[in-house]
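# A look at the structure
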Amino acid sequence: VQLQASGGGLVQAGASLRLSCAASGRTLSGYTVGWFRQAPGKDREFVAAFRWSGGRTFYADSVKGRFTISRDNVESTVYLQMNSLKPEDTAVYYCAATSRGLLAAIPISSSYEYWGQGTLVTVSS
């Protein structure tokens, strides 16, 4: 499966953005799709994930209540709605997909087999 992330941009603190992760080659049904981010000089970190089996969502504590992950009904795109953005949300955001079902593996980037290119989100204060 090929993934294409888009929707990044430059916004002010408090604004919103919606990132999209579009799949080609097959649908995302059956996968867990995650969003990760990497700020300059920092390690890549887990942001959110959507597990198709059961429709469960998972969030990092730093984004709970502000970010929402969802999917479209065609099963080919996963969205990350980001509200109340903060300067510390500034990073390159990546989407990824895994067919592995272990819940414990969801926040771990090495668990994901497929990655899209990143999209840059910059939040100014």
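These notes cover the structure that comes with them.

Conventions we followed
- Residues numbered from 1 in each chain as written.
- Predicted model: local features only at pLDDT ≥ 70, side-chain atom pairs only at ≥ 80, totals over all residues.
- Heavy atoms only, no water.
- Salt bridge = Lys/Arg side-chain N within 4 Å of Asp/Glu carboxyl O.
- Buried < 20%, exposed > 50% of the residue type's maximum accessible area, 1.4 Å probe, protein only.
- Phe/Tyr/Trp six-rings, centres within 6.5 Å; stacked < 30°, edge-to-face > 60°.
- Helix = DSSP H or I, 4+ residues; strand = E, 2+ residues; numbered from the N terminus.
- Lys NZ or Arg CZ within 6 Å of the ring centre and 35° of its normal.
- Pairing = 2+ DSSP bridges.
- Axes fitted to C-alpha atoms, helices over the stretch in contact; angles between N-to-C directions.
- Polar contact = N/O pair within 3.5 Å; in protein donor to acceptor, adjacent residues only side chain to side chain.

### Brief notes about the pattern of salt bridges
One pass over the structure, following the stated rule, counts 4 salt bridges. Measuring nitrogen to oxygen at the nearest pair gives 2.6 Å for the salt bridge that ties Arg37 to Glu45. Owing to a relative accessible area of 5%, Arg37 belongs among the buried residues under this scheme. Judged by its relative accessible area of 36%, Glu45 is partly exposed. A salt bridge links Asp89 to Arg66, with the shortest nitrogen-to-oxygen separation between them at 2.7 Å.

### Topic: the packing of aromatic side chains
Across all of its chains, the model carries 7 aromatic pairs by this definition. Both rings, one in Tyr94 and one in Trp115, keep their centres 6.4 Å apart while their planes meet at 75°; by these two values the pair is edge-to-face. Of this pair, Tyr94 sits in strand E9 (residues 91–98) while Trp115 sits in strand E10 (residues 114–115), and the two are 21 residues apart along the sequence. On the basis of relative accessible area, Tyr94 is assigned to the buried category, the value being 17%. Through a chain of ring-to-ring contacts, the aromatic side chains of Phe36, Phe46, Tyr94, Tyr112 and Trp115 assemble into a single cluster. Of note, Arg44 hangs over the ring of Tyr94, and the distance from its end group to the ring centre comes to 4.0 Å. Above the face of the Trp115 ring, Arg44 is positioned so that its terminal group lies 4.7 Å from the ring centre.

### Points about the sheet that holds strand E1 (residues 2–6)
Spatial ordering of the open sheet is given by E1-E3-E8-E7, a layout of 4 strands whose pairing is antiparallel. Two strands lie at the open edges of the sheet, namely E1 and strand E7 (67–71), each paired on one side alone. On average, adjacent strands in this sheet sit at an angle of 15° to one another, irrespective of strand direction. Note: E7 against strand E8 (residues 77–82), 5 bridges, orientation antiparallel. The residue bridging Thr68 from the neighbouring strand is Gln81, located in E8.

### Let's talk about the pairing of strand E11 (residues 119–124)
Alternating positions in E11 separate cleanly, Thr119, Val121 and Val123 being buried on one face and Leu120, Thr122 and Ser124 remaining unburied on the opposite face. Judged from the 4 bridges that link them, strand E2 (residues 9–12) and E11 form a sheet pairing that is parallel. In the sheet register, Leu10 faces E11, and the bridge partner there is Thr122.

### Let's talk about unusual backbone geometry
A positive phi angle, close to 50°, is found at Ser84, a residue other than glycine. Summarising the element assignment, Ser84 is placed in the loop between E8 and E9.

### Here's the deal with the environment of Gln117
Summarising the element assignment, Gln117 is placed in the loop between E10 and E11. C-alpha separation for the pair Gln117 and Pro87, spaced 30 residues apart in sequence, amounts to 22 Å. There is a polar contact of 2.6 Å between the side chain of Gln117 and the backbone oxygen of Ala5.

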